[in-house]
Amino acid sequence: MAQQESQVMSLPLPPSQYINLFSEENIRRNRAPRPPPPIPDGYSMFGIQYNNEEMIRSLESQNIKRLIPLHFDRRKELKKLNHSLFVNFLDLIDLLIQYPDSPRRTEKIDDLSLLFVHMHHLLNEFRPHQARETLRVMMETQKRQRVETTTRFEKHLERVCDIVNTAFSDLPEITDDDMSDSDIKMEVDSQDSSNNNKSDAVHQLDRIMCSVIDSME
């Protein structure tokens, strides 16, 4: 039997098949899938080999004919490629109208495909710059939010300090009459406590005398 070729899916599986594996029960029982280990050298994605060392594969590594120079201005080259796409598309329409069976039709389609590949490659080279700009915008947003939070906290702190100072200023002042009343109350309390101590001592003496008389009998 001929060896069956391994089929590669062009699209990933639906998200539900991954989400169902991370249910609460699986997480509680420690059955959820572990994160994938780091890739050492290269990996295959949808049948295409990728290398970790290079973020964006060069055109030569993909066996694609290079139409743009090695050192160039990306904006200018993108404009040139966009203009070339329009010109080749119009040429293809003319061929389809005048010579629909001409073999040049296939050549024009290949030229259009090559131009689209180059545009896609140039746009991918902007990805690191896009990532840096996105990170910069996120950090600026976080900084602005923290500054606003700090400003609001300082305003609330000032209001609380004003309320506390106002409450202290509204408290009544303690006069000499209040102090004398408190002293009298303290003296009365001390006298009551001394009287209680004396009565306790008298009762103790009575108990001692009663015990002495009982022993004499």
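Not measured: the values here are computed from a predicted model.

Asks: Is there a simple way to explain the overall build of the chain in this structure?
Replies: Each helix and strand in the chain was counted, giving 6 helices and 2 strands. What you see in the chain, going N to C, is helices and strands ordered as α-α-β-β-α-α-α-α. Taken across its 217 residues, the chain has 10% of its residues classed as buried. For the chain, contacts bridging at least 24 residues in sequence account for 57% of all contacts bridging at least 6. Summed over its atoms, the accessible surface of the chain is roughly 19,600 Å², and 58% of this surface lies on carbon and sulfur atoms.

Asks: I'm lost on the pattern of salt bridges in this one. Help?
Replies: It is possible for side chains of opposite charge to pair when their charged atoms get near one another. According to the stated counting rule, one finds 5 salt bridges in the structure shown. Put simply, Arg29 and Glu25 hold a salt bridge, and the shortest N to O gap is 3.3 Å. Look at Glu25 and you get partly exposed, because its relative accessible area is 40%.

Asks: Looking at this structure, how should I read the confidence of the model for the chain?
Replies: Averaged over all residues, the pLDDT of the chain equals 77, while 72% of them reach at least 70. At the low end of the mean pLDDT range in the chain sits helix H6 (residues 176-216), at 55; at the high end sits helix H5 (residues 127-169), at 91.

Asks: Please explain the packing of helix H3 (residues 74-98) against helix H4 (residues 104-125) as it appears in this structure.
Replies: Think of two packed helices as two axes; the pair is described by the angle between the axes and how far apart they sit. The contact between H3 and H4 brings their axes to 9 Å, and the two run at 160°. Taken together, the axes of H3 and H4 are roughly antiparallel relative to one another. At the point where H3 passes H4, the crossing takes the left-handed sense. Class assignment of the residues belonging to the contact of H3 with H4 gives a composition of 14 nonpolar, 4 polar and 8 charged.

Asks: Can you help me understand unusual backbone geometry in this one?
Replies: If a residue is not glycine, its phi is most likely negative; likewise, a peptide bond is most likely trans. Unusually for a residue other than glycine, Asn30 sits at a positive phi of about 60°. One can find Asn30 in the loop between helix H2 (24-28) and strand E1 (42-45). What makes Asn30 exposed here is its relative accessible area of 52%.

Asks: Can you help me understand the side chain of His121 in this one?
Replies: Mapped onto the elements, His121 comes out in helix H4. Within the structure, the side chain of His121 is placed 2.9 Å from the side chain of Glu125, a separation counted as a polar contact.

Asks: I tried to follow the nonpolar core on my own but got confused; where do I start?
Replies: Across soluble globular proteins, nonpolar side chains have a tendency to be buried as a group. Listed in full, the 10 residues of the largest apolar core are Ile68, Phe72, Leu78, Leu81, Leu85, Leu92, Leu112, Leu115, Met119 and Leu122. Looking at this core, the elements that each hand over two or more residues are H3 and H4. When neighbours within four sequence positions are excluded, Leu112 is seen to be in contact with Leu85, Asn88, Phe89 and Leu92.

Asks: Where do I start with H4 in this structure?
Replies: Residues lying three or four places apart along an α-helix face the same way, a consequence of the helix completing one turn every 3.6 residues. In a regular helix each residue adds 1.5 Å, so 22 residues correspond to 32 Å; H4 covers 32 Å between its end C-alpha atoms and thus fits that length. Along H4, the residues that are buried comprise Lys108, Leu112, Leu115, His118, Met119, His121 and Leu122. Along its buried surface, H4 packs onto H3.

Asks: Just checking my understanding: could you explain a nonpolar patch on the surface for this structure?
Replies: On the surface, a nonpolar cluster with roughly 400 Å² of combined accessible area is contributed by Phe89, Leu90, Ile93 and Ile97. Looking at where Phe89 falls in the secondary structure, it is placed in helix H3.

Scoring rules and cut-offs
Residues numbered from 1 in each chain as written. Predicted model: local features only at pLDDT ≥ 70, side-chain atom pairs only at ≥ 80, totals over all residues. Heavy atoms only, no water. Helix = DSSP H or I, 4+ residues; strand = E, 2+ residues; numbered from the N terminus. Buried < 20%, exposed > 50% of the residue type's maximum accessible area, 1.4 Å probe, protein only. Contact = heavy atoms within 4.5 Å. Areas by Shrake-Rupley, 256 points an atom, 1.4 Å probe, with all protein chains shown as cover. Salt bridge = Lys/Arg side-chain N within 4 Å of Asp/Glu carboxyl O. pLDDT = per-residue confidence, 0-100. Axes fitted to C-alpha atoms, helices over the stretch in contact; angles between N-to-C directions. Parallel < 35°, antiparallel > 145°, perpendicular 65-115°, else oblique. Left-handed = near helix turned anticlockwise from the far one by under 90°. Nonpolar A, V, L, I, M, F, W, Y, C, P; charged D, E, K, R; others polar. Polar contact = N/O pair within 3.5 Å; in protein donor to acceptor, adjacent residues only side chain to side chain. Core = buried A, V, L, I, M, F, W, Y, C linked by side-chain atoms within 4.5 Å. Expected span 1.5 Å × (residues − 1). Patch = residues over 30% accessible without salt bridge, like charges linked within 9 Å, V, L, I, M, F, W, Y side chains within 5 Å.

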